[in-house]
Every structure is written in C-alpha cells, then in structure tokens.
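Descriptive structure summary
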Amino acid sequence: MHVDVKLSPEGDLYEALLDGKHAGQLEFVRRDGVIVYTHTEVEDEFGGKGVGGVLVRTALDAARAEGVQVVPRCPFVRQWIERHPDYADLVKDA
C-alpha cells in the first residue's frame, strides 16, 4: 500500500490518495507564524490502513523543513505526536 500525499492548491490541507482515490485529509491554518492543525479525516473504507499517520508525518516533516512550529488542535495530530516524541520539538509551547 502506498499513500500519496499532496498539498492542496489553496495550501490549506494535505490530501491523501490511495490508488488514486481520496482517502483522507489534514486541514490546517497559518496563524501568528505557526501552523495550526485543525482537523484530520480518513474515509471509512481506508480506516486502519495508516492513512492518518502518513498525513500527519508528511505535514510535520513539511513544517520542520520550513522551520515553523505547530499547534496540534486536532486530537488525532496531538495523539500522534505523543506516540512519536521525535516530533515533540515542533510543538509550540502554550
């Protein structure tokens, strides 16, 4: 299984594609010099296949490459970071 992730043309979400089909998305906004992750959604037929994790890893890797911090308002993103502490340095202190 290979999940392709693309940034939307509007630059406000990452879309996951599996076999060319929309499998999920991670929505975000840029605010005060940080990226705020607001919502992650995976289509039911792709649940449990790691799509959400690929979305989060891709988004966080892009934030790291850009040199910005993140605010994980989305519970899925927050929990994913807790399970992958090597990404905790990206989280903006409250």
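None of the values given here were measured: they were computed from a predicted structure.

What follows is about the packing of aromatic side chains. Taken as a whole and assessed by the stated rule, the structure comprises three aromatic pairs. Taken together through their ring pairs, the aromatic side chains of Tyr14, Phe28 and Tyr37 make up a single cluster.

Let us now look at the pairing of strand S3 (residues 21-31). Where strand S2 (residues 13-18) and S3 come together, six bridges link them in antiparallel fashion. Paired with Leu18 across the strands is Lys21, a residue of S3. What sits between the antiparallel neighbours S2 and S3 is a turn of two residues, in which Asp19 has the positive phi angle 55 degrees. Across eight bridges, S3 lies against strand S4 (residues 34-42) in antiparallel orientation. The residue bridging Glu27 from the neighbouring strand is His39, located in S4.

This next bit is on the environment of Ala88. In this structure, Ala88 sits in the segment after helix H2 (75-83). A C-alpha to C-alpha distance of 14 Å links Ala88 and Ala59, two positions 29 residues apart in sequence.

Ile35, Tyr37, Val51, Leu60, Val70 and Val77 are the most contacted members of the largest nonpolar core, which totals 24 residues. Elements with a contribution of two residues or more to this core: S2, S3, S4, helix H1 (51-66) and H2. The contact partners of Val51, leaving out residues within four places of it in the chain, are Val3, Ala16, Ala23, Val42 and Phe46.

Attention shifts here to the packing of H1 against H2. Where H1 contacts H2, the two axes come as close as 10 Å, and the packing angle between them is 80 degrees. With respect to H2, the element H1 is oriented roughly perpendicular. When H1 is examined against H2, the residues Gly52, Gly53, Val56, Arg57 and Leu60 are found in contact with a partner set consisting of Phe76, Val77, Trp80 and Ile81. For the contact of H1 with H2, the residue count by class is six nonpolar, two polar and one charged.

Analysis parameters
Note that residues are indexed from 1 along each chain, following the sequence as it is written. Side-chain atom pairs in this predicted model are given and counted only at pLDDT of 80 or more, local residue features only at pLDDT of at least 70, and totals for whole chains, interfaces and linings cover all residues. Excluded from the side-chain calculations are hydrogens and water; all other atoms, namely the structure's heavy atoms, are used. Aromatic rings from Phe, Tyr and Trp, taking only the six-membered ring of Trp, are treated as a pair when their centres fall within 6.5 Å; an angle between ring planes under 30 degrees marks them as stacked, one over 60 as edge-to-face, and anything in between as tilted. At least two bridges found by DSSP between two strands is the condition for calling them paired. Secondary structure elements are defined from DSSP: runs of H or I of at least 4 residues count as helices, runs of E of at least 2 residues count as strands, and each element is numbered from the N terminus. Within this scheme, the nonpolar core is defined by two criteria: the residues are buried Ala, Val, Leu, Ile, Met, Phe, Trp, Tyr or Cys, and they are joined through side-chain atoms within 4.5 Å. The cut-offs for exposure are 20% and 50% of the maximum accessible area for each residue type, with area from a 1.4 Å probe on protein chains only; residues under the lower value are buried, those over the upper are exposed, and the others partly exposed. Here a residue-residue contact requires only that any non-hydrogen atoms of the pair lie within 4.5 Å. Each axis is a line fitted through C-alpha atoms, taken for helices only over the stretch in contact, and angles between the N-to-C directions span 0 to 180 degrees. Any angle from 65 to 115 degrees is called roughly perpendicular, while one under 35 is roughly parallel, one over 145 is roughly antiparallel, and all others are oblique. Any residue outside Ala, Val, Leu, Ile, Met, Phe, Trp, Tyr, Cys, Pro, Asp, Glu, Lys and Arg is labelled polar, Gly included; the first ten of those are nonpolar and the last four are charged.

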